Amino acid sequence: MRLLHTSDWHLGRAFHRVNMLGAQAEFIGHLVTTVRERGVDAVVVSGDVYDRAVPPLAAVELYDDALHRLADLGVPTVMISGNHDSARRLGVGAGLIGRAGIHLRTEPSACGTPVVLSDAHGDVAFYGLPYLEPALVKDEFGVEKAAHEAVLAAAMERVRADLATRARGTRSVVLAHVFVTGGEVSDSERDITVGGVAAVPAGVFDGVDYAALGHLHGCQTITERVRYSGSPLPYSFSEADHRKTMWLVDLDADGSVTAERVDCPVPRGLARIRGTLEELLADPGLAPVEEAWVEATLTDPVRPADPMARLTERFPHTLSLVFDPERAPDDPDVSYASRLAGRSDQEIAEDFVAHVRGAGPDEREQAVLRDAFDAVRADEAVREVAR
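Residues numbered from 1 in each chain as written. Predicted model: local features only at pLDDT ≥ 70, side-chain atom pairs only at ≥ 80, totals over all residues. Heavy atoms only, no water.

**Let's talk about the sheet that holds strand E18 (residues 293–298)**
The pairing of strands in a sheet happens through backbone hydrogen bonds and is either parallel or antiparallel.
So, step 1. Strand order across the open sheet formed by three strands is E17-E18-E19, with parallel pairing between neighbours. The open sheet has two edge strands with one neighbour each: strand E17 (270–275) and strand E19 (318–323). Across the sheet, the mean angle separating the axes of adjacent strands is 15° when strand polarity is ignored.
So, step 2. Where E18 and E19 come together, five bridges link them in parallel fashion. Bridge pairing links Ala-296 to Leu-321 in E19.
So, step 3. Across the sheet, helix H8 (residues 307–314) is in contact with E18 and E19; its angle to E19 comes to roughly 135°. (Pairing = 2+ DSSP bridges. Helix = DSSP H or I, 4+ residues; strand = E, 2+ residues; numbered from the N terminus. Axes fitted to C-alpha atoms, helices over the stretch in contact; angles between N-to-C directions. Contact = heavy atoms within 4.5 Å.)

Pasting the structure below:
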């Protein structure tokens, strides 16, 4: 069975101030063409179809168009909700839509109920694990601690239990929206850290033939059977080095996996350039990125006059301007933002405690801070679901 694995469409999202809806529509067309021309037997979409719980009307219309075009191909599609989606909204009409071959899996309680498709070698069971917000689903899965690994492990127990009841030789595919240990992050994924931990081990997917993952925006192979497709379009300059693709996966009769990357159309390249303003304007080596979307980091010791206007004369698609004067690390003028770069909310809070008290928090106080951050995240998740 040949699968096309994609995720993280983020319909309705912009790239800085650039409306990406046209590029997203072009991607949908490319996906449909790939399905038709490459003999795809099933499409899997591993969450974050939309960029927010209440998407703009234009994004909903594009999603509707995608469903109709996929249904017209007669190729089944299995789709889960991600942490950016409203699972309830995405799942509206799932029963009816399923009759057209578009199978939406947005309910955590249905993790162990697969979509079963068949080929010449027998059945393939597709298990959809939507994004499992630990604080919201721990009771459903009977786990004591609201943690990603605990709820995902419980969901996979249901998958394995169902798979054990099926005919010998039944192959299996799991769709999940999760951060797996070893995955490389970018700046455009929403933080899902709970209890100070965001990642789960890849071993949680042991026992299934292929895990089609979503959430991380870079296409990557965790193991031969556990892969991220990544987002089809860039959504931050941290993705400048990404090659945007989908996975074309062949699941053989014995469950073995071979995979090929299929490139996605990207409207414009990304470039991060750094130097003084005069250096950037004069450097002939930057000619290849003059038509790219540009993030420019200026290292001038004093902020130059009209830097954006001058940059856009040479780099007309400059979208981001960062000032990072080159100074010694102990210089008191090193920016606050620079000191915070790469630090978690927990670490920043602990540093603040140390700053005002003269000593950092002890283990008990660290736990209090961690619980407070988790409570805020859980409250935000509950309010978003209720919208």
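Past the structure itself, the notes keep going.
**A short note on the nonpolar core**
So, step 1. Residues Leu-129, Phe-141, Val-174, Phe-205 and Leu-213 are the most contacted members of the largest nonpolar core, which totals 33 residues.
So, step 2. Going through the elements one at a time, strand E8 (122–129), helix H5 (134–141), helix H6 (148–164), strand E9 (171–177), strand E10 (179–180), strand E12 (210–214) and strand E14 (226–228) are the ones with two or more residues in this core.
So, step 3. With 28 residues, the next largest nonpolar core counts Phe-27, Ala-66, Ile-102 and Leu-248 among its residues. (Core = buried A, V, L, I, M, F, W, Y, C linked by side-chain atoms within 4.5 Å. Buried < 20%, exposed > 50% of the residue type's maximum accessible area, 1.4 Å probe, protein only.)

**Examining helix H1 (residues 21–37)**
So, step 1. Here H1 spans 24 Å end to end across 17 residues, near enough to the 24 Å set by a 1.5 Å rise per residue.
So, step 2. Taken as a whole, H1 has its buried residues at Ala-23, Gln-24, Phe-27, Ile-28, Gly-29, Leu-31, Val-32, Thr-34 and Val-35.
So, step 3. Contacts from the buried residues of H1 go to strand E1 (2–6), strand E4 (42–46), helix H2 (57–73), strand E15 (245–251) and strand E16 (257–263).
So, step 4. Two residues or fewer after H1 comes Gly-39, characterised by a positive phi angle close to 65°. (Expected span 1.5 Å × (residues − 1).)

**As for H8**
So, step 1. Among all positions of H8, only Pro-307, Leu-311 and Arg-314 are buried. The buried side chains of H8 occupy one side of the element, clustering within an arc of 55° when seen end-on. (Arc of directions from axis to C-beta.)

**Notes on the pairing of E1**
So, step 1. Most of E1 is tucked away: four of the five residues are buried.
So, step 2. One ladder, built from four bridges, connects E1 with E15; its direction is antiparallel. Within the sheet, the bridge partner assigned to Arg-2 lies in E15 and is Asp-250.
So, step 3. Of the strand pairs in this sheet, E1 and E4 are connected by four bridges, and their pairing is parallel. Of the residues in E4, the one forming a bridge with Leu-3 is Ala-42.

**Remarks on the sheet that holds strand E5 (residues 77–80)**
So, step 1. A sheet is described by the order of its strands in space; here six strands give the open sequence E6-E5-E4-E1-E15-E16, paired in mixed fashion. Edge positions in the sheet fall to strand E6 (102–105) and E16, since each of these pairs with one other strand and no more. If you compare each strand with its neighbour and ignore which way they point, the axes differ by 20° on average.
So, step 2. Pairing analysis gives seven bridges linking E15 to E16, with the strands arranged antiparallel. The residue bridging Val-249 from the neighbouring strand is Ala-259, located in E16.
So, step 3. Strand contacts of H1: E1, E4, E15 and E16, with the helix running at about 170° to E1, the strand carrying the most contacts.

**Observations regarding the pairing of E15**
On a regular strand, each side chain points to the face opposite its neighbour's, so the side chains alternate between the two faces of the sheet.
So, step 1. Burial analysis of E15 places six of its seven residues in the buried class, the great majority of the element.
So, step 2. Once E15 ends, the chain turns through five residues before running back antiparallel as E16, passing Gly-255 with a positive phi of about 90°.

**Focus on the environment of Ala-125**
So, step 1. Here Ala-125 is to be found in strand E8.
So, step 2. Distance from Ala-125 to Val-208, taken between C-alpha atoms, is 9.7 Å for residues 83 residues apart in sequence.
So, step 3. With sequence-adjacent residues up to four places away left out, Ala-125 is seen in contact with Pro-114, Val-115, Arg-166, Thr-170, Arg-171, Ser-172 and Val-173.

So yeah, pure geometry; function would need other evidence.
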